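# Breakdown of the fold
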Amino acid sequence: MFLKVGLTGGIGSGKSTVAKIFEVLGIPIYYADEAARKLMNEDDTLKTKIKKHFGEDSYINNELNRSYLASQVFNDNYKLDLLNSLVHPVTIRDAENWMLKQNSSYVIKEAALLFEAGSAENLDYIIGVYAPQSMRIKRVMDRDNSSREDVLKRLNRQINEEIKMKLCDFVITNDEQQLVIPQVIALHEKFLSKVNI
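What comes next concerns the included structure.

Each value, and the rule that gives it
Residues numbered from 1 in each chain as written. Predicted model: local features only at pLDDT ≥ 70, side-chain atom pairs only at ≥ 80, totals over all residues. Heavy atoms only, no water. Pairing = 2+ DSSP bridges. Helix = DSSP H or I, 4+ residues; strand = E, 2+ residues; numbered from the N terminus. Axes fitted to C-alpha atoms, helices over the stretch in contact; angles between N-to-C directions. Contact = heavy atoms within 4.5 Å. Core = buried A, V, L, I, M, F, W, Y, C linked by side-chain atoms within 4.5 Å. Buried < 20%, exposed > 50% of the residue type's maximum accessible area, 1.4 Å probe, protein only.

## Concerning the sheet that holds strand β2 (residues 29-31)
Spatial strand order, β2-β5-β1-β6-β7: 5 strands in an open sheet with parallel pairing. The open sheet has two edge strands with one neighbour each: β2 and β7 (170-173). Averaged over neighbouring strand pairs, the angle between their axes works out to 20 degrees when direction is ignored. Across 4 bridges, strand β6 (residues 125-130) lies against β7 in parallel orientation. Across the sheet, Gly-128 pairs through a bridge with Val-171, a residue of β7. Here helix α2 (residues 32-42) sits on the sheet in contact with β2 and β5 (106-110), set at roughly 55 degrees to β2.

See the structure below:
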């Protein structure tokens, strides 16, 4: 028996950093965003659906044309929802298959849109990574060289951070005031104890 744990948080919250700490502790991590990009390039059925809805320009030399697709969905919520409705089910299925192949007390699925994509109900526990919005905006602006306006647009496409954290079973605070590693280790020990009962 193993536990399936979700790891989520808004853009710039530091969930990838938290995932890397769990990885150092030997826990397998499924990175949903990376997997989705890979599947959009490799899953023939998904590629066919993307071309059907977004045009042949979605791929160049059989590789996903990310800038074209981003330009299609960036300011169009209908098209973004449509793309997500194509990609999310394939990624959720891929994550389920991946989890079954792991040999660990627990595994983690890291995904920004865990609740929005409908994959939360397949998980035993969900960890949220929380950081104040002003800090998250600054982190993303620095990381992606984005304008404040672009970051706010991206934030507005995710569910409210306060609501998201209330939906989580555990919350790790990443506000540069509290140390993250001890919070991760405490959860790691908690999950191990639940499996070893």
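## A look at the nonpolar core
Judged by nonpolar contacts, the single largest core of 29 residues is most densely connected at Met-40, Leu-46, Ile-50, Phe-54, Leu-69, Leu-83 and Ile-126. Elements with a minimum of two residues in this core: α2, α3 (44-54), α4 (66-73) and α5 (77-100). It is α5 that contributes the most residues to this core, 8 residues altogether. The contacts of Leu-46, once residues within four sequence positions are left out, are Leu-39, Met-40, Leu-86, Val-87 and Val-90.

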